[in-house]
Amino acid sequence: MNAAVESAVADAHRRKWAFVLAATVRVAGDIDVAEECVQDAYARALATWPTAGIPAKPGAWLTTVARRRAIDVARRVSTHGRALPLLVERVTSSVAEGPGPSHVTDDRLRLIFTCCHPALATDAQVALTLRLVGGLSTPEVARAFLVREATMAARITRAKKKIGAARIPYRVPPIEELPARIDAVLNVVHLIYTTGHTAPVGSDLVRPDLVERAHDLARMLWALLPGDAEVASLLALVLLTDARRSARLADDGRLVLLADQDRSRWDHGAIREGAALVREALRGRPPGRFALMAAIAAVHSQSGSWDATDWAEIVGLYDLLLHIWPSPVVALNRAVAVGLADGPAAGLAALDTLATEPLLATYSYLAAARADFLRRLGRAGEARAAYEEALLLSENAVERAFLADRLAQVKS
Amino acid sequence: MAEYLVLIYEDEAAWEDTAPGTLDEMMKGHQLFGQRNAANLRGGNALQPTTTATSLRRDAAGGFVVTDGPFAETKEALGGYYLIEATDLDEALALAKQIPAPLGGVEVRPIRVFD
């Protein structure tokens, strides 16, 4: 086996997995069988490419091998003999996206919509998407969410069983259901991204594996549904926020806040691409949730410095976002922006209106934001108590180190 | 095609506080549902309230313990059901959304088929 083959197979795994699996599911009529056939195809690639050479189109080669194998399996075990065949739509439907390459429905979309069906629990949707669309193994998915492998395996098995038993169809939803169903898919990809962007628990601030999968998924969705402004906006949001990744940690591993980041270390190519997508998404439509979040990220990305940030613009965007997406976390971010626009006293007042919000009671960022405004106001005693509360609630080692640092500062 | 049982769960106690005419309106809703979806309906019934239920459980001695009341005490209780036929879960859910259940909701369960 040579290095070129290994890297070609790894590349095909990352780029083509969903394509190969989605096309194979259609023939196999069964997700588990399709997965096995696709795994076999990748194994065959590793075995045969060193002598036969790397094919010009590895994705097409893998698809042909996996589908041929699926047909063999299907011949031996007739679908009628199986208790729970997957409900593969026989007629080809198309998403009404107007003319263009997206007019023909890609099997990957069927796979994505099946994984993110609202009849499945969100954690099952996330697990299935990473496993079937992202090509992660069950141990990898388990590690990403810090749950035991057996727990994750059971979660994935249960979800696959429900797809078969309840007959969740393998198809792209009809046009009238499409917006809500796309929103569910975006939700899953966004959840994967945010879990990777700041890991809820553990020693690392960022989980690059999850961030990169979310990036790949967002880009794939955008390629498949280029006419959808929210899809474009999610890709923009990922590009714009992930562009700051290398500036978020100091050389000694400490957290660097947006205010203190070396903006020359940001990925300006990603920012340009993200900002262009946001501009396009905001054109002539009432902006959706992801468009507004991406627009906020774009304001930060395009400010030359923290002090030059247009906080009034950011507060305005949060107001719009809160109007269409009234979540306590959005209200919290808005309150922080108010404090930066109008001073810490105004920010604190805005935060205090959220003090009784049950969904924020265990959210470390509320306490951390209060602590910061109290510190700026010189109310050291209260700031200390708030930092201590935030420390109790945060389970990310890098964030905890930052909070402990700040706590020591207000104590001295 | 597949069959699904749609279980209607509602808050029985809340019926007492509803405006007069609510029950009539709901009955009309069920009639309308039946007319519109006759092709997909395989059966259905309304149940008497849980105060009329009798539950049986095996006891350690091999006999039965008989209790006055439903199997599980819940705020929303099973009050009726439909047996429907649909091509897939999406169609079943679309049908279930039309069932009137103003004081609760419905649960959609695929019927198990044995080979």
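This text follows the structure it describes.
Residues numbered from 1 in each chain as written. Chains lettered and ligands numbered in written order. Predicted model: local features only at pLDDT ≥ 70, side-chain atom pairs only at ≥ 80, totals over all residues. Heavy atoms only, no water.

K.L.:
Got a sec to walk through the overall build of chain A? Specific residues and values, please.
P.N.:
Check the secondary structure of chain A and you find 18 helices and 2 strands. C-alpha extents for chain A along the principal axes are approximately 75 × 45 × 40 Å. Relative to all contacts within chain A whose residues are 6 or more apart in sequence, the contacts with residues 24 or more apart total 64%. Approximately 18,900 Å² of chain A is accessible, and the part contributed by carbon and sulfur atoms is 55%. Charge-centre separation for chain A: the mean point of 49 positive side chains lies 6 Å from the mean point of 46 negative side chains. (Helix = DSSP H or I, 4+ residues; strand = E, 2+ residues; numbered from the N terminus. Contact = heavy atoms within 4.5 Å. Areas by Shrake-Rupley, 256 points an atom, 1.4 Å probe, with all protein chains shown as cover. Lys, Arg positive; Asp, Glu negative; His and termini not counted. Charge placed at Lys NZ, Arg CZ, Asp CG, Glu CD.)

K.L.:
Give a detailed account of the sheet that holds strand β2 (residues 41–46) of chain B, specifying residues and quantitative values.
P.N.:
All names here are of chain B. Taken in spatial order, the 4 strands line up as β2-β5-β1-β6 in an open sheet, and their pairing is antiparallel. Because the sheet does not close on itself, it has two edges, and the strands there are β2 and β6 (104–110). Within this sheet the neighbouring strands show an average axis-to-axis angle of 20 degrees, counted without direction. The pairing of β2 with strand β5 (residues 76–86) spans 5 bridges and is classified as antiparallel. Directly across from Gly 43, in β5, lies its bridge partner Leu 83. Of the strands in this sheet, β1 (2–11), β5 and β6 are in contact with helix α2 (residues 89–96), which crosses β5 at around 130 degrees. (Pairing = 2+ DSSP bridges. Axes fitted to C-alpha atoms, helices over the stretch in contact; angles between N-to-C directions.)

K.L.:
Quick rundown of the nonpolar core? Include the residues and the values.
P.N.:
Residues and elements named next belong to chain A. Core analysis: the biggest nonpolar cluster contains 147 residues, and Leu 21, Tyr 42, Leu 62, Leu 128, Val 133, Ile 192 and Leu 234 have the highest contact counts within it. Per-element accounting of this core gives the leading share, 11 residues, to helix α1 (residues 3–28). Not counting residues up to four positions away in its chain, the partners in contact with Leu 234 are Leu 186, Val 189, His 190, Ala 218 and Phe 290. (Core = buried A, V, L, I, M, F, W, Y, C linked by side-chain atoms within 4.5 Å. Buried < 20%, exposed > 50% of the residue type's maximum accessible area, 1.4 Å probe, protein only.)

K.L.:
Quick one: what's the story with the pairing of β1(B), residue by residue and with numbers?
P.N.:
All names here are of chain B. Of all the 10 residues making up β1, 7 are buried; the element is thus mostly covered by neighbouring parts of the structure. In this sheet, β5 lies alongside β1 in antiparallel orientation, the contact comprising 10 bridges. Counted as the bridge partner of Tyr 4 is Ile 84 from β5. Where β1 and β6 come together, 7 bridges link them in antiparallel fashion. Residue pairing for β6: Ile 8 is matched across the bridge by Val 106.

K.L.:
A description of the packing of helix α5 (residues 122–133) of chain A against helix α7 (residues 149–165) of chain A should follow, citing residues and the corresponding values.
P.N.:
Residues and elements named next belong to chain A. Put simply, α5 and α7 touch, their axes get as near as 9 Å, and they point 95 degrees apart. The angle between α5 and α7 falls in the class roughly perpendicular. Note on element contacts: α7 touches α5 through Met 152, Arg 155, Ile 156, Ala 159, Lys 160 and Ile 163, opposite Asp 123, Ala 124, Ala 127, Leu 128, Arg 131 and Leu 132. Taken together, the residues that form the contact of α5 with α7 break down as 8 nonpolar, no polar and 4 charged. (Parallel < 35°, antiparallel > 145°, perpendicular 65-115°, else oblique. Nonpolar A, V, L, I, M, F, W, Y, C, P; charged D, E, K, R; others polar.)

K.L.:
Help me get a handle on the interface of chain B and chain A, residues and values and all.
P.N.:
Where the parts come together, the accessible area they lose is often given as the size of the interface. Contacts between the two partners involve 10 residues from chain B and, on the opposite side, 12 residues from chain A. Contact with chain A buries area across many residues of chain B, yet Asp88(B), Leu89(B) and Asp90(B) alone supply 54% of it, more than any other trio. Linking chain B with chain A are 3 salt bridges. Arg171(A) serves as the salt-bridge partner of Asp88(B), at 3.0 Å between the closest nitrogen and oxygen. Considering each element in turn, the side of chain B that touches chain A owes the most residues, 3 residues, to α2(B). Of the residues contributing to the side of chain B that touches chain A, the split by class is 6 nonpolar, 1 polar and 3 charged. (Buried area = accessible area lost by both parts, 1.4 Å probe. Salt bridge = Lys/Arg side-chain N within 4 Å of Asp/Glu carboxyl O.)

K.L.:
Describe in detail the environment of Gly43(B), supporting the description with residues and values.
P.N.:
When you line up the elements, Gly43(B) lands in strand β2. Dropping the residues within four chain positions of it, Gly43(B) is found in contact with Tyr82(B) and Leu83(B).

K.L.:
I'd like a description of the pattern of salt bridges, backed by residues and values.
P.N.:
All names here are of chain A. For the structure on display, the rule yields 32 salt bridges over all chains. Ionic pairing is found between Arg 110 and Asp 107, a salt bridge with its closest N-O pair at 2.6 Å. One end of the pair is Arg 110 and the other is Asp 107, both in helix α4 (residues 107–115) and 3 residues apart, which spans about a single turn. A relative accessible area of 1% places Arg 110 in the buried class. Here Asp 107 falls in the buried class, since its relative accessible area comes to 14%. Close ionic contact of Asp 372 with Arg 406 constitutes a salt bridge, the shortest N to O distance being 3.6 Å. Of this pair, Asp 372 sits in helix α16 (residues 364–376) while Arg 406 sits in helix α18 (residues 397–411), placing them 34 residues apart in sequence. Exposure remark for Arg 406: the relative accessible area of 14% places this residue in the buried category. Three or more residues joined by partner-sharing salt bridges are found here, namely Asp 32, Glu 35, Arg 131 and Lys 160.

K.L.:
Mind laying out the packing of aromatic side chains, listing which residues take part and the relevant values?
P.N.:
The description of an aromatic ring pair rests on the distance of the ring centres and on the angle between the ring planes. Scanning all chains against the criterion turns up 5 aromatic pairs over all chains. With 5.2 Å between their ring centres and 75 degrees between their planes, Trp49(A) and Trp61(A) make a pair best called edge-to-face. With Trp49(A) in helix α2 (residues 31–52) and Trp61(A) in helix α3 (residues 58–76), the pair connects residues that are 12 residues apart, well separated along the chain. Ring centres of Tyr363(A) and Tyr365(A) lie 5.2 Å apart, and the angle between their planes is 65 degrees; this geometry places the pair in the edge-to-face category. Accessibility expressed as a relative area gives 34% for Tyr365(A), which makes it partly exposed. Over the ring of Trp266(A) we find Arg244(A), and its NZ or CZ is 5.7 Å from the ring centre. Sitting over the face of the ring of Phe71(B), Arg57(B) holds its NZ or CZ atom 3.9 Å from the ring centroid. (Phe/Tyr/Trp six-rings, centres within 6.5 Å; stacked < 30°, edge-to-face > 60°. Lys NZ or Arg CZ within 6 Å of the ring centre and 35° of its normal.)

K.L.:
Tell me about the state of the cysteines, and please be specific about residues and values.
P.N.:
Residues and elements named next belong to chain A. Per the stated rule, a full pass over the model turns up 0 disulfides over all chains. In this model Cys 37 remains outside any disulfide bridge; the closest cysteine sulfur is found in Cys 115, 17 Å from its own. Its relative accessible area of 2% is what places Cys 37 among the buried residues. The closest cysteine sulfur to the non-disulfide-bonded Cys 116 is located on Cys 115, 6.1 Å from its own sulfur. (Disulfide = S-S within 2.5 Å.)

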